[in-house]
Amino acid sequence: MLRLAPVLTLLILLAPIGAGLLWTLLPAFGYLPVLGTRDFSLDPWRELFAYAGFRSALWLTISVGFGASLISLILAIALCATSVGTRAFEILRAALPPLLATPHVAIAIGFAFLVAPSGLIARGFSPWATGWERPPGIATVNDAYGLSLIAGLVLKETVYLILMIIAASTQVALRPMLQAAAALGYGPARGFVAVIMPQIYRQIRLPIYAVLAFSLANVEMALILGPGNPPPLSVVAARWFAGYDLGMYYPASAAATLQFAIVVAGIGLWRLMEIPVGAIHRAWLARGVRRGAGEPFWRGAALIGWAAGVLALATLVAIAAWSFAHRWRYPDFLPQSWSLRIWEQHAGNVAALAGVTAVIAAAATLVAMVLALACLENEQRRGLTVGQGALWALYLPLLVPQIGFLFGAQMLLVHFSLDATLFAVIWAHLIFVMPYVFLSLADPFRTLDPRYARSAAALGASPLRIFFSVKLPMLARPLAIACAIGFAVSIALYLPTLFAGAGRIATLTTEAVTLSSGGDRRVIGVYAFIQALLPLAVYAIALALPALIYRNRKGLA
């Protein structure tokens, strides 16, 4: 049975993506038998290109995607380069879990609460510094250039890249190499960039591509922070898919197909740019330059990174403050009064949505955990070595834009009469939860000392008993963390819930995005706060539970 686990896992990951891409591509060329069109045509593309805001949407998509990815990478490198080996590095690592656990939607809503013309930042400087007695007429959110969207993406993606850089750094002799670089006259930041980054870039290449793909094709953050007319291309496609006019499925499919092509081309372009950047870096090393603008640049970028981290944590404070506010007039920095009235009014609906959200997340995470453990155990028992192809297969759901294949996947669900069911939503979430759970478990499982299993086998234990009685207890903490990561990923998913649920299964995320388009900030704050609180609570349990269970066994806790 274990031999079937890798096949089943790849089937879960690749089959929906392949079929979804196909059934999104076909309507893009006029073929959609369920609507009575069986002749191929370029009319969907003509309609897409005739859209009044097409050029602006295309430029916005590309500029936001590359801008957010590049800034996130620079800030992540700068923070790691300037803090490694110092007390600041421990602070950085401690700040990662709450920021990683917080969903994109909650970060986006909190960021909007901070930087809006009537947000906390403007209130903090008004009227004593700005003279503003009323909110200024400045587009700090939903601006036409997508700057607020870039900033929101940077707040979230920088944290993810920091985690990837830290994980990759453990695979090299970090401290001796930095000491050698310092002995040769390099500053801490320049030494990290010169010596460590070239060695770990290969390991973080796929995470960078995932960040680029997400930034190019994200929908939920673009709905909250991006411009509305015209929006990025992914939002254009999502709106056309969600409309009542079934004829818009054709240009929507064309837009989704173009979005997929943009992501593929974007990743290809990034890969090509690595070649001249690498050559420039090697030439710089060969010159042996120790002084210059490099060290001040990375330290300046690190300061911006720390500011971004503080801002990201402040988003949680902002949504919490609004959820408990009663009266909050501009330009007062704090509410005149606090109240639980909004919580009481929405308690029933919030509890129901939280229950559905938690059930979907728990089910998807549980299935992902079982499959990941089965794959890893099969790999270990058969002495297999996983190649680069398997890693690409795992990352595929993170590299392919969601809008590019979810409509086609929905067509399959409709064909089998499974759309708008809880099963369909869990299945859709599993596609995205599985890579994170597997990647979280892979290294701890593979690096577990094999002598424990051999000792148990020598005492007569069966492979099954060794797995349950030796391996799983020793992996209690990694298992708990992997569960928390999977749960957090599921909580944050918007488009998979929307398409697989056909708009009839609501979660905290879909409700928060819907409310963010307008309405009472206090109500939005309630839903966003609970959406952020759920994964944070699971992370806290994941950290505390192994220590509690194995409190008398220090090595396991």
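What you see is a predicted model, and the numbers here were worked out from it, not measured in a lab. (Residues numbered from 1 in each chain as written. Predicted model: local features only at pLDDT ≥ 70, side-chain atom pairs only at ≥ 80, totals over all residues. Heavy atoms only, no water.)

## Some points on the domain arrangement of the protein chain
Note: interface size is frequently given as the accessible area lost on complex formation between the parts. Domain assignment breaks the protein chain into domain 1 (1-40 + 352-556) and domain 2 (57-230 + 291-338). Note on domain 1 versus domain 2: buried area summed over both sides is about 2,600 Å², and carbon and sulfur give 75% of it. Among the residues of domain 1 in contact with domain 2, Tyr395, Arg521 and Arg522 are the three that bury the most area, contributing 25% of the side total. The interface formed by domain 1 and domain 2 includes 3 residue pairs in polar contact (both at pLDDT 80 or more). Sorting the residues of the side of domain 1 that touches domain 2 by element identifies helix H15 (388-399), helix H20 (476-492), helix H22 (508-516) and helix H23 (521-549) as the ones contributing at least two each. In terms of residue class, the side of domain 1 that touches domain 2 is built from 22 nonpolar, 5 polar and 2 charged. (Domains from an automatic or database assignment. Buried area = accessible area lost by both parts, 1.4 Å probe. Polar contact = N/O pair within 3.5 Å; in protein donor to acceptor, adjacent residues only side chain to side chain. Helix = DSSP H or I, 4+ residues; strand = E, 2+ residues; numbered from the N terminus. Nonpolar A, V, L, I, M, F, W, Y, C, P; charged D, E, K, R; others polar.)

## Notes on the packing of aromatic side chains
The description of two aromatic rings rests on the distance between their centres and on the angle between their planes. All told, the structure shown has 21 aromatic pairs when counted by the stated rule. Ring centres 5.8 Å apart and planes at 80° place the aromatic pair Phe241 and Phe499 in the edge-to-face group. Of the two residues, Phe241 is situated in helix H11 (residues 233-242) and Phe499 in helix H21 (residues 495-500); the sequence distance between them amounts to 258 residues. Accessibility classification places Phe241 together with Phe499 in one group, the buried group. Their ring planes at 90° and their centres at 5.9 Å tell us that Trp343 and Phe529 sit as a pair that is edge-to-face. One end of the pair, Trp343, is in helix H14 (residues 341-381); the other, Phe529, is in helix H23, with 186 residues separating them in the sequence. Through pairs of rings, three or more aromatic residues link up here, namely Phe29, Trp45, Phe49 and Phe54. (Phe/Tyr/Trp six-rings, centres within 6.5 Å; stacked < 30°, edge-to-face > 60°. Buried < 20%, exposed > 50% of the residue type's maximum accessible area, 1.4 Å probe, protein only.)

## A look at the side chain of Thr497
Relative to the helices and strands, Thr497 is located in helix H21. Classification of Thr497 by relative accessible area gives buried; the value is 0%. Side-chain polar atoms of Thr497 contact the side chain of His429, separated by 2.7 Å. Setting aside residues up to four positions removed in sequence, Thr497 forms contacts with Val425, His429, Ala502, Ile505, Thr507 and Thr510. (Contact = heavy atoms within 4.5 Å.)

## Some points on the packing of H14 against helix H17 (residues 422-446)
For the pair H14 and H17, interaxial distance at closest approach is 6 Å and the crossing angle is 45°. By the angle class used here, H14 and H17 are oblique. Crossing geometry of H14 relative to H17 is assigned as right-handed. Of the residues that constitute the contact of H14 with H17, the class distribution is 24 nonpolar, 3 polar and 3 charged. (Axes fitted to C-alpha atoms, helices over the stretch in contact; angles between N-to-C directions. Parallel < 35°, antiparallel > 145°, perpendicular 65-115°, else oblique. Left-handed = near helix turned anticlockwise from the far one by under 90°.)

## Concerning unusual backbone geometry
A cis amide bond links Ser126 to the next residue, Pro127, at an omega of -5°. Assignment of secondary structure puts Pro127 in the loop between helix H6 (120-124) and helix H7 (147-169). Residues Asn229 and Pro230 are joined by a peptide bond in cis, for which omega reads 0°. Among the secondary structure elements, Pro230 is positioned in the loop between helix H10 (220-225) and H11. Residue Ala420 is not a glycine yet carries a positive backbone phi of 60°. Locating Ala420 in the fold gives a position in the loop between helix H16 (402-415) and H17. According to the relative accessible area criterion, Ala420 is partly exposed, its value standing at 22%.

## Digging into the UniProt feature "domain: ABC transmembrane type-1" (unreviewed entry) in the protein chain
Per the UniProt annotation, the sites labelled "domain: ABC transmembrane type-1" (unreviewed entry) are residues 58-271 and 354-542. End C-alpha to end C-alpha, residues 58-271 measures 21 Å, and it is 75% helix and 0% strand. As annotated, residues 354-542 has a helix share of 81% and a strand share of 0%, and its two end C-alpha atoms lie 19 Å apart. (UniProt positions renumbered as here; feature names shortened; annotations may be inferred.)

## With respect to the nonpolar core
Core analysis: the largest hydrophobic core is formed by 126 residues, its most contacted members being Leu48, Ile109, Phe192, Leu225 and Phe241. For this core, the element with the most residues is helix H9 (residues 188-217), which contributes 18 residues. Structurally, this core is a two-domain feature, drawing no fewer than three residues from each of domain 1 (1-40 + 352-556) and domain 2 (57-230 + 291-338). If we skip the residues at most four places from it in the chain, Leu225 touches Ala108, Phe111, Ala112, Val141, Asn142, Asp143, Ser148, Leu149 and Gly152. Judged by nonpolar contacts, the second largest core, of 43 residues, contains Ile12, Ala101, Val433 and Ala500. (Core = buried A, V, L, I, M, F, W, Y, C linked by side-chain atoms within 4.5 Å.)

## Looking at the packing of helix H4 (residues 87-101) against H23
One can describe the packing of H4 onto H23 by two numbers: an axis separation of 8 Å at closest approach and a directional angle of 135°. By the angle between their directions, the pair H4 and H23 is classed as oblique. The segment H4 lies against H23, with Pro98, Leu100 and Ala101 engaging Pro535, Leu536 and Tyr539. Of the residues contributing to the contact of H4 with H23, the split by class is 6 nonpolar, no polar and no charged.

## A short note on the pattern of salt bridges
Following the criterion strictly, the structure yields 9 salt bridges and no others. Here Arg271 and Glu274 are joined by a salt bridge, their closest N and O atoms 2.9 Å apart. In this pair, Arg271 and Glu274 both sit in helix H12 (residues 249-287), 3 residues apart, roughly one turn of the helix. Of the charged contacts in the structure, one is a salt bridge between Arg381 and Glu377, with a shortest N-O distance of 2.7 Å. You can see Arg381 and its partner Glu377 sitting in helix H14, 4 residues apart, about one turn around the helix. Note on Arg381: relative accessible area 42%, which makes it partly exposed. Classification of Glu377 as buried rests on a relative accessible area of 3%. Connected via shared salt-bridge partners are Arg205, Arg271 and Glu274. (Salt bridge = Lys/Arg side-chain N within 4 Å of Asp/Glu carboxyl O.)

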